[in-house]
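These are the residues of each chain, in order.
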Amino acid sequence: MRATSFLLVGQAVGVLGGQVWGLETEAEANAWPHLPRYHTLPSLREQAELQDDWTKQRREDIPRILQKYGVDAWLVSQREYAEETVFWSLKSARQFSARRRSTLLFFANASGDASSYTWIDNTPKLWTELRAILEKEQPKTIVVDTHPQIAFSSGLHAGELDAIKEGLGPEWASRFTSEPLVAVEYIATQLPDRAAWYRRLQSTAWAMISEAFSERVITPGRTTTSDVEWWLREKIQQMNYTTWFHPSVTIIDGDRRFVLEHEDRDVINYGDFLHTDFGVTALGLNTDTQHLGYVLYPGETEEEVPEGLKAGLKKGNRLQDIVKSNMKIGKTGNDILTASLDQMHQEGIEGKIYSHPIGDFGHAAGTLIGMTNLQDEVPVLGDLPLLPNMYYSVELLVEHFVPEWNATLQFPLEEDIQHVGGDQWVWAYGRQETFHVIRTSDRGALRAQGGNV
C-alpha cells in the first residue's frame, strides 16, 4: 500500500437485505495497491442475521468434525456467567450470555433427522430428556471440554461437570472423553461467506491506522503516543466497532528497542520511527495488525524516509514470506517454526516469530508458531496441526542495522492471512510494504544532525 497522509472514504455501495452502506466495488476490492477505506457496518438487525446464518452453517459442520476425530457425541453445558469458551462461537447473535443451564448435544451419526439438541432449563427435566436421547443414540464416546492446557477445549467448569455426572449417572459419565481438536477445529474453521466482511474489517483497521499515523492526528512536539492510542479508541467507537485490546503506539529508537510497555519519552517528534499494534472487532470477527510509521521533517517527502528504515521493513516483509511459505496444512506449529527459523538464519536475518490463529477470538483456536519467549518450541499448543480454512495472524519482528542512526533496531510487523486451499494462504487485505508518513507544513522547526529538536 502506498502510504497516504489523507483519508479516503469509500463511496461505492453494497446491498444486504435491501440496506445500502459504503463498501468497495468488486473491481476496487481486487485492485492493488489498495487505498484503505472505512466500511460502515449494517444495522444491528442485519448484523445479527449475518452472524446467525454463519453460525448455522458452522454448526452443520459439527458431525463431520466428530467423525474426523472418531468420537460419537459432543456435550457442551454452562450456566449464566459461567460459559464454556466454545459457547461464544456456538451461540445466537441475540444471546449475550447463557441462560439458566444451557446445554447442547451434538452427534456424529444421529439415527434420526436431528443431529443436535439444545436445552435451556434448570430443572431435573433436562437430565431426564438428555438420558433418553443418549439411550436412543447409544454413543460410545462423548466429548466434554476438560483438556488441562488448551483453553478452547477446557471451558467446562468443574462444578458443571460434577452436576452433569450426577444428573446423568455413572454409566454415561464413564463414556466422557477429552478430544481437544473438536472444539479447536470448530472455532478455527472459517466460512467462505465470512471472507468478504473480514476483508472489510481489515480495510477499516488499515484506514484507522493510516489516519492515526498522519498529520490529521499527530502534531510533532505536542502529540503523545497515548494521545494516538486514545484517538484510535475513540475512532473505533465512532464507527460502531469494538476492539479486543487497547491499541499500542510506541516510539522505536536507538536508545530503546521495541517494547510492549511505554517507559521513556512519549511525545512524538520529527524523525521518529513509530509502531502500532491495533485491532478491530465486529460481526464476531477480530483483526490484528502491526504497522510502522515515520514522522517527516518539514519539507521532506516520503521518498526521504531513511534508507535504513526502508531496508528494515523490506527485511520484515521477507520474513513474512518465509513464514507463509512454510505454513503447510497438517504440519505442527513447532515444525513450521523450526523450518521458518532455519530459513531465516540461512538468509542472514535475525528476528523472532510469534504467530497465532485469529478470527472468532483475537488469539484464536489452533496451533501456535512460536511465542516471544518460546523460540525453540511451544509446548502443547505448538504440537497441534495447522488446520485448513483458518484465519491466521503472521506476527514477527526482524532486527536491522540502520546506518543513519548507527543502531540496530527491531521492526515488528503483523498481518492477517486466510487459507484458500491446498497449502495456499493469501493476505486477508494486504501487507505493509511502505511506511505510513506524517507530513508537516511547519517551516519553523529546526533539524539537528543526529537528533530531534
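Higher on the page you've got the structure.
Position numbers for residues count from 1 along each chain, tracking the sequence in the order it is written. Predicted model: local features are reported for residues with pLDDT of at least 70 only, side-chain atom pairs are reported and counted for 80 or more only, and whole-chain, interface and lining totals are derived from all residues. No hydrogens and no water enter the side-chain calculation; it runs on all heavy atoms of the structure.

Draft legend 1. Here's a closer look at the sheet that holds strand E7 (residues 176-177). In space, the 5 strands of this open sheet follow the order E5-E4-E3-E6-E7, with mixed pairing throughout. With one partner strand each, in any of the chains shown, strand E5 (116-121) and E7 form the two edges of the open sheet. Across 7 bridges, the pairing between strand E3 (residues 73-79) and strand E4 (residues 101-107) is antiparallel. Opposite Gln78, over in E4, you have Ser102 as the bridge partner. Contacts: residue pairs with any heavy atoms within 4.5 Å of one another. Angles run from 0 to 180 degrees between N-to-C directions of axes, and those axes are lines fitted to C-alpha atoms, restricted for helices to the stretch in contact. Strands are runs of DSSP state E lasting at least 2 residues, helices are runs of H or I lasting at least 4, and numbering of each runs from the N terminus. Packing against the sheet, helix H5 (residues 125-137) makes contact with E3, E4, E5 and strand E6 (142-143), and its axis sits at approximately 5 degrees to E4. What makes two strands pair is DSSP finding at least two bridges between them.

Draft legend 2. Structural view of the packing of helix H9 (residues 195-212) against helix H10 (residues 225-238). Their axes nearest at 10 Å, the elements H9 and H10 cross at an angle of 140 degrees. With respect to H10, the axis of H9 lies oblique. Between H9 and H10 lies a crossing whose hand is right-handed. Here Met208, Ile209, Glu211 and Ala212 of H9 lie close against H10, whose contacting residues are Val228, Trp231, Leu232, Lys235 and Ile236. Gly counts as polar in this scheme, as do all residues outside two lists: the nonpolar Ala, Val, Leu, Ile, Met, Phe, Trp, Tyr, Cys and Pro, and the charged Asp, Glu, Lys and Arg. For the contact of H9 with H10, the residue count by class is 7 nonpolar, no polar and 2 charged. Orientation is classified from the angle alone, with under 35 degrees giving roughly parallel, over 145 giving roughly antiparallel, 65 to 115 giving roughly perpendicular, and any other angle giving oblique. Handedness of a crossing is defined here by the sense of rotation of the near helix relative to the far one, left-handed for an anticlockwise turn of less than a right angle and right-handed for a clockwise turn.

Draft legend 3. Region of interest: the side chain of Thr103. Within the secondary structure, Thr103 is located in strand E4. Under the rule applied, a polar contact is a pair of N or O atoms within 3.5 Å (in protein, one hydrogen donor and one hydrogen acceptor; residues adjacent in sequence only if both atoms are side-chain atoms). A distance of 2.8 Å separates a polar atom in the side chain of Thr103 from a polar atom in the side chain of Ser77. Residues in contact with Thr103, not counting those within four places in the same chain, are Leu75, Val76, Ser77, Tyr117, Thr118, Trp119 and Leu126.

Draft legend 4. Summary view of unusual backbone geometry. In the Ramachandran plot, Tyr81 falls in the positive-phi region, its phi being about 70 degrees despite a non-glycine side chain. Positionally, Tyr81 belongs in the loop between E3 and helix H4 (87-90). For Tyr81, a relative accessible area of 67% corresponds to the exposed category. With a phi close to 55 degrees, Leu283 is a non-glycine residue in the positive phi region. Its place among the elements puts Leu283 in the loop between strand E10 (281-282) and strand E11 (285-286). Relative accessibility under 20% of the residue-type maximum defines a buried residue, over 50% an exposed one, and the middle range a partly exposed one, all with a 1.4 Å probe and only protein chains included. Residue Leu283 is classed as buried on the basis of its relative accessible area of 3%.

Draft legend 5. Focus on the nonpolar core. Among the nonpolar cores identified, the biggest contains 98 residues, and Trp74, Leu309, Met327, Phe411 and Phe435 are the most heavily contacted of them. Top element by residues in this core is H9. It accounts for 9 residues. Setting aside residues up to four positions removed in sequence, Leu309 forms contacts with Phe273, Tyr294, Val402, Trp405, Leu409, Phe411 and Phe435. Buried residues of nine kinds, namely Ala, Val, Leu, Ile, Met, Phe, Trp, Tyr and Cys, make up a nonpolar core once their side-chain atoms join them within 4.5 Å. Core analysis: the next-biggest nonpolar cluster, separate from the first, contains 20 residues, Ala73, Leu105, Leu161 and Ala173 among them.

Draft legend 6. Expanded view of H9. Under the convention used throughout, the expected extent of a helix is 1.5 Å for every residue step, that is, one less than its residue count. With 18 residues, H9 extends 26 Å between its outermost C-alpha atoms, agreeing within 8% with the 26 Å of an ideal straight helix rising 1.5 Å per residue. With 16 of 18 residues buried, H9 is to be regarded as a mostly interior element.

Draft legend 7. A look at the environment of Ala158. Relative to the elements of secondary structure, Ala158 occurs in helix H6 (residues 158-168). According to the relative accessible area criterion, Ala158 is exposed, its value standing at 58%. Distance in space between the C-alpha atoms of Ala158 and Thr146 is 8.5 Å, their sequence separation being 12 residues.

Draft legend 8. Highlighting the packing of aromatic side chains. Note on aromatic contacts: the rings of Phe and Tyr and the six-membered ring of Trp form a pair at centre separations within 6.5 Å, being stacked when their planes are under 30 degrees apart, edge-to-face when over 60 apart, and tilted otherwise. Under the counting rule described, the total for this entry stands at 14 aromatic pairs. When the centroid spacing of 6.2 Å and the interplanar angle of 65 degrees are considered together, the rings of Trp74 and Tyr186 count as edge-to-face. One end of the pair, Trp74, is in strand E3; the other, Tyr186, is in helix H8 (residues 180-188), with 112 residues separating them in the sequence. Across this residue pair, the class does not change: Trp74 and Tyr186 are buried. Aromatic side chains Phe107 and Tyr117 sit 6.2 Å apart centroid to centroid with 85 degrees between the ring planes, which places their arrangement in the edge-to-face category.

Draft legend 9. Structural context of the pattern of salt bridges. Here, a salt bridge means any Lys or Arg side-chain nitrogen found within 4 Å of an Asp or Glu carboxyl oxygen. All chains considered together, the criterion is met by 18 salt bridges. Where Arg216 meets Glu211, a salt bridge forms, and the shortest distance between an N and an O atom there is 3.6 Å. Residues joined by salt bridges that share partners form a network here, namely Asp61, Arg64, Lys68 and Glu185.

Draft legend 10. Main features of a negative patch on the surface. A cluster of like negative charges, contributed by Asp335, Asp376, Glu377 and Asp383, occupies part of the molecular surface. Looking at the secondary structure, you find Asp335 in helix H12 (residues 333-346). Patches were defined on residues exceeding 30% relative accessible area and lacking a salt bridge, with like-charge contacts within 9 Å and nonpolar side-chain contacts (Val, Leu, Ile, Met, Phe, Trp, Tyr) within 5 Å. Per-residue and other accessible areas follow the Shrake-Rupley method at a 1.4 Å probe size, with only the shown protein chains counted as cover for residues. Charge counting treats Lys and Arg as positive and Asp and Glu as negative, with His and both chain ends excluded. The location of each charge is read from NZ of Lys, CZ of Arg, CG of Asp or CD of Glu.

Draft legend 11. Representation of the packing of H5 against H6. With their axes 9 Å apart at the nearest point, H5 and H6 run at an angle of 70 degrees to one another. If you check the angle between H5 and H6, you find them roughly perpendicular. At the point where H5 passes H6, the crossing takes the right-handed sense. Here H5 contributes Trp127, Leu130, Arg131 and Leu134 to the contact with H6, which in turn contributes Ala163, Ile164, Gly167 and Leu168. Here the residues of the contact of H5 with H6 sort into 6 nonpolar, 1 polar and 1 charged.

It is worth stressing that arrangement in space is one thing and function is another; only the former is reported here.
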